[in-house]
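These are the residues of each chain, in order.
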Amino acid sequence: MKSRPVLTLIAAVSADGFISTGHGVPWDLPKDREHFRSVTRGQWLLIGRRTYQEMLGWFQAGHHPLILTRNPNYTPPVGQAVADLESALEAATQGGARELFVCGGGAAYSAAMPRADRLILTHVGTHLHAGVPFPALDPGIWRVVSRLESPADAENPFGMVFAAHQRYSPQNQAIDSQS
Ligand SMILES: NC(=O)c1ccc[n+]([C@@H]2O[C@H](COP(=O)([O-])OP(=O)(O)OC[C@H]3O[C@@H](n4cnc5c(N)ncnc54)[C@H](OP(=O)(O)O)[C@@H]3O)[C@@H](O)[C@H]2O)c1
C-alpha cells in the first residue's frame, strides 16, 4: 500500500500574521518568489480555487496542481479539481507524491493545518494590519527546525526570515525527555 505524502504548508506571512490584504500577493519580494519556485519545482501542489485563478500562467511542466473547490462543475484549465483535503491526499498518494505542498490561500491553509506535518514559512518584516490571516501557530505543536535571515536590499524592500517548522510529535517528545 502506498503511504500518504508528507503534508507541507508553504506561505509568506507578515509580522502580524496576514498573507494578503484581500487580493494578490501584498509585497514584491523577488527573493521569496525564487524560494517558492525552487521549493515547489516539480511538486504536487494543493491550491484554493481563488489563489489558483491568480496563479494561472505560472505553472510549469512537472507541477501537479490540485485545486480545492466545492463546485463539482469546476474544470481547471491546468491540473485537477478536488473537493476536500482527503481527496487531495488520495490523488497525490495515487500519483506517487512523496510530499504535497499547500500553497494557499487562507481557506486552503485552514483546511490543511490540522493535518500538516511541515510548515515552510517566509516571515516578512512588515505589518499588513488586516486581511487574510494565516492560521495561528500553536507553539506546543510546532518546532522551528531551520531558520535563515535575509535582510532587505535594493530589490527586496523588507527583510525576511525563511523558517521551516516541524510538527512536534509525542514520539519526538519522548526522545527529548530522555536526553
Ligand atoms: N502570502 C502567501 O503566501 C499567499 C499564498 C497564497 C495565496 N495568498 C493570497 O490569499 C488570498 C486568497 O485566499 P482565500 O482564503 O481568499 O482563498 P483560497 O484559499 O485561495 O481559495 C478559496 C476557495 O477554495 C475553495 N475551498 C476553500 N476551502 C475549501 C474546503 N475546505 N473544501 C473545498 N473547497 C474549499 C473554495 O472554492 P469555490 O469557491 O470554488 O468552492 C473557496 O472559495 C489571495 O489574496 C492570495 O493572493 C497569499
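Provided above is the structure to which this section pertains.
Throughout what follows, the structure given in this document is the object of discussion. Every value quoted in this text rests on a predicted model; they were computed, and no experiment measured them.

What counts and what doesn't
- Residues numbered from 1 in each chain as written.
- Predicted model: local features only at pLDDT ≥ 70, side-chain atom pairs only at ≥ 80, totals over all residues.
- Helix = DSSP H or I, 4+ residues; strand = E, 2+ residues; numbered from the N terminus.
- Rg over C-alpha atoms; globule rule 2.2 N^0.38 Å.
- Buried ≥ 20, exposed ≤ 12 C-beta atoms within 10 Å, placed from the backbone.
- Contact = placed C-beta atoms within 7 Å.
- Near = placed C-beta within 6 Å.
- Nonpolar A, V, L, I, M, F, W, Y, C, P; charged D, E, K, R; others polar.
- Pairing = 2+ DSSP bridges.
- Right-handed = clockwise from strand over helix to strand, strands pointing away.

**Structural notes on the overall build of the protein chain**
Here comes step 1: Regarding its fold elements, the protein chain presents five helices and ten strands.
Here comes step 2: The C-alpha radius of gyration computed for the protein chain amounts to 17 Å, which stays within 12% of the reference 16 Å derived for 179 residues, consistent with globular compactness.
Here comes step 3: Principal axes of the C-alpha set define a box for the protein chain whose edges measure 45 × 40 × 30 Å.
Here comes step 4: Out of the 179 residues in the protein chain, the part that is buried amounts to 30%.
Here comes step 5: A sequence separation of at least 24 residues applies to 68% of the contacts in the protein chain between residues at least 6 apart.

**What to know about the site of the ligand**
Here comes step 1: Around the ligand lies a shell of 28 residues, among which Gly48, Thr51, Gly104, Gly105 and Gly106 are the nearest.
Here comes step 2: When grouped by side-chain class, the residues that make up the shell around the ligand number twelve nonpolar, eleven polar and five charged.

**With respect to the pairing of strand β3 (residues 44-48)**
Here comes step 1: Here β3 lies mainly inside the structure; five of its five residues are buried.
Here comes step 2: Here β3 shows no split at all, with Trp44, Leu46 and Gly48 on one side and Leu45 and Ile47 on the other all buried.
Here comes step 3: Relative to strand β4 (residues 64-68), β3 runs parallel, the two sharing five bridges. Across the sheet, the residue bridging to leucine 46 is leucine 66, located in β4.
Here comes step 4: The handedness of the β3 to β4 crossover, carried by helix α2 (residues 49-55), is right-handed.

**Some words on the pairing of strand β7 (residues 118-124)**
Here comes step 1: Looking at chain direction, strand β1 (residues 6-14) and β7 are connected through seven bridges and run parallel. For valine 13, the partnering residue across the bridge sits in β7 and is histidine 123.

This is a description of form; function is not addressed.
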